[in-house]
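# Overview (structure and organization)
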Amino acid sequence: MIIDCHGHYTTEPAKLQIFRDKQFAGLADKSRRPLTTNLGITDDEIRSSVEGAQLRLQKERGTDVTIFSPRAAGMAHHVGKEATSREWTTICNDLVHRVCTLFPQNFVPVCQLPQSPGVKPANCIEELERCVTQLGFVGCNLNPDPAGGYWCDPPLTDEWWYPLYEKMVELDVPAMVHVSSSCNPCFHGTGAHYLNGDTTAFMQFLTSDLFKRFPTLRFIIPHGGGAVPYHWGRYRGLAQDMKLPPLSEHLLRNVFFDTCVYHLPGIELLTRVIPVENILFASEMVGAVRGIDPETGHHFDDTRRYIDALPLSAADKAKIFEGNARRVYPRLNAHLDHRAH
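These numbers were taken from a predicted model, which means no experiment stands behind them.

### Details of the packing of aromatic side chains
Applying the stated rule across the entire model yields 14 aromatic pairs. Note on Tyr9 and Phe68: the rings are 5.6 Å apart at their centroids and 45 degrees apart in plane angle, and the pair reads as tilted. Of this pair, Tyr9 sits in strand 1 (residues 3–9) while Phe68 sits in strand 2 (residues 65–70), placing them 59 residues apart in sequence. The residues Tyr9 and Phe68 share a single accessibility class, namely buried. With a centroid separation of 5.1 Å and 70 degrees between ring planes, the pair formed by Phe202 and Tyr235 is classed as edge-to-face. One end of the pair, Phe202, is in helix 8 (residues 189–206); the other, Tyr235, is in helix 10 (residues 232–241), with 33 residues separating them in the sequence. Under the relative-accessibility criterion, Phe202 is labelled buried at 0%. Three or more aromatic residues joined by ring pairs make a cluster, and in this case those are Tyr162, Tyr165, Phe205, Phe211, Phe214 and Phe219.

Structure (structure tokens):
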């Protein structure tokens, strides 16, 4: 089985954006707020939104299951206040749940959280618990920078985040560390802000003893870890200078990386530097890079091709394609067992 751990609902029906536009307008003029959170989206509209996109690409590229969450850039935690984020988050999570209910063989849900700049992450616990215990979600996406490129909140290793981590440990769910849209004109969203977020989160973890406090807490750093694999020697050296344990002991029991790296040399580097046990297959289709690579004639985000081309054993490829996802997302197993029957 090939499990794609990183998919977003980027092809939502237009009615979702219409609601969001009304929500934006209502921030300036209360009379323009949407009158209902019932978007009027039908099951047929949901089917149509994925059948010609994610579902078709699964079949064409030979993948089986996608761990599926709301559009990352669409989380936009900087918009409005806490109540705005909570309403929007509930709507987006419920919509993803509907996709996964309609296509249980193809999609397994992961939730966004109702984060808001300056608001303690404890405000996310209720929604996380609802999604996991009532709707069958297997994890969450955690934004380390709800301010959208201005990094106003404490680092991920601060006690500010501990109540949420305690709930993640209790529920046995991981978080993918994933920023949202960039408000800072210095940082292009997918080309800079996303990769900055990945790299920054890793360095925050490195300089802390977070995993002594939470030994079973698990994070997936997407997009191949940002700059991390390329600068692995730097990070090893910094850890050594700080008198920290080797990174294999200090971080790699808790921190994992995905394969959203859109060329073969990048995947080759990732698998040479990071242990195979810490790599999860992912494509983020249909996502930030949708075009065809003129050097190969294939889509940049057709990432299975890169793994297939690696000189790894069948056992190691099985870990990347399936085994590691089952281990990092233990609630996924129930979905897959149900799928098999």
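### A look at the packing of helix 2 (residues 43–51) against helix 3 (residues 54–61)
Look at helix 2 against helix 3: their axes get within 5 Å of each other, and the N-to-C directions meet at 40 degrees. Looking at the two axes, helix 2 sits oblique to helix 3. Residue-level inspection shows Ser49, Val50 and Glu51 of helix 2 in contact with helix 3, the latter providing Gln54, Leu55 and Arg56. Class assignment for the residues of the contact of helix 2 with helix 3 results in two nonpolar, two polar and two charged.

### Notes on the pattern of salt bridges
For the structure shown, the criterion picks out 17 salt bridges. Measuring nitrogen to oxygen at the nearest pair gives 2.8 Å for the salt bridge that ties Arg98 to Asp43. With Arg98 in helix 5 (residues 82–102) and Asp43 in helix 2, this residue pair connects regions lying 55 residues apart in the sequence. Relative accessible area serves as the criterion here: at 27%, Arg98 is assigned to the partly exposed category. Across the pair Glu127 and Arg130 runs a salt bridge, and its minimum N-O distance is 2.9 Å. Here the residue Glu127 and the residue Arg130 both occupy positions in helix 6 (residues 125–135), the gap between them amounting to three residues, near one helical turn. Accessibility assignment for this pair places Glu127 and Arg130 in one class, buried. Overlapping salt bridges, with partners in common, bring together Asp94, Glu127 and Arg130 in one network.

### Considering unusual backbone geometry
Here the amide bond leading from Met285 into Val286 is cis, since omega sits at -5 degrees, within 30 degrees of zero. Inspection of the secondary structure assignment puts Val286 in the loop between strand 8 (279–280) and helix 13 (304–308). You will see that Asp172, though not glycine, has its phi angle at about 60 degrees, which is positive. Mapped onto the elements of the fold, Asp172 is located in the loop between helix 7 (162–171) and strand 5 (175–177). In the Ramachandran plot, Glu284 falls in the positive-phi region, its phi being about 55 degrees despite a non-glycine side chain. Along the chain, Glu284 falls in the loop between strand 8 and helix 13.

### A short note on the environment of Ile279
Inspection of the secondary structure puts Ile279 in strand 8. For Ile279, a relative accessible area of 0% corresponds to the buried category. Between the alpha carbons of Ile279 and Phe257 there is a distance of 5.0 Å; along the sequence they are 22 residues apart.

### Quick look at the sheet that holds strand 3 (residues 107–109)
Pairing is parallel across the open sheet formed by three strands, whose spatial order is 1-2-3. Two strands in the sheet have a free side with no partner beyond their single neighbour: strand 1 and strand 3. The average undirected angle you get between the axes of adjacent strands in this sheet is 35 degrees.

### What to know about the nonpolar core
Within the largest apolar cluster, 72 residues are counted, with the highest numbers of intra-cluster contacts made by Leu128, Tyr165, Met168, Phe202, Phe205 and Phe219. Sorting elements by how many residues they give to this core places helix 5 first, with seven residues. Not counting the four nearest positions on each side in its chain, Tyr165 is found in contact with Leu142, Leu156, Leu210, Phe214, Leu217 and Phe219. Among the nonpolar cores identified, the runner-up in size contains 19 residues, and Ile220, Cys260, Tyr262 and Ala325 belong to it.

Calculation rules
Residues numbered from 1 in each chain as written. Predicted model: local features only at pLDDT ≥ 70, side-chain atom pairs only at ≥ 80, totals over all residues. Heavy atoms only, no water. Phe/Tyr/Trp six-rings, centres within 6.5 Å; stacked < 30°, edge-to-face > 60°. Helix = DSSP H or I, 4+ residues; strand = E, 2+ residues; numbered from the N terminus. Buried < 20%, exposed > 50% of the residue type's maximum accessible area, 1.4 Å probe, protein only. Axes fitted to C-alpha atoms, helices over the stretch in contact; angles between N-to-C directions. Parallel < 35°, antiparallel > 145°, perpendicular 65-115°, else oblique. Contact = heavy atoms within 4.5 Å. Nonpolar A, V, L, I, M, F, W, Y, C, P; charged D, E, K, R; others polar. Salt bridge = Lys/Arg side-chain N within 4 Å of Asp/Glu carboxyl O. Pairing = 2+ DSSP bridges. Core = buried A, V, L, I, M, F, W, Y, C linked by side-chain atoms within 4.5 Å.

Any functional reading would require information that these geometric values do not contain.
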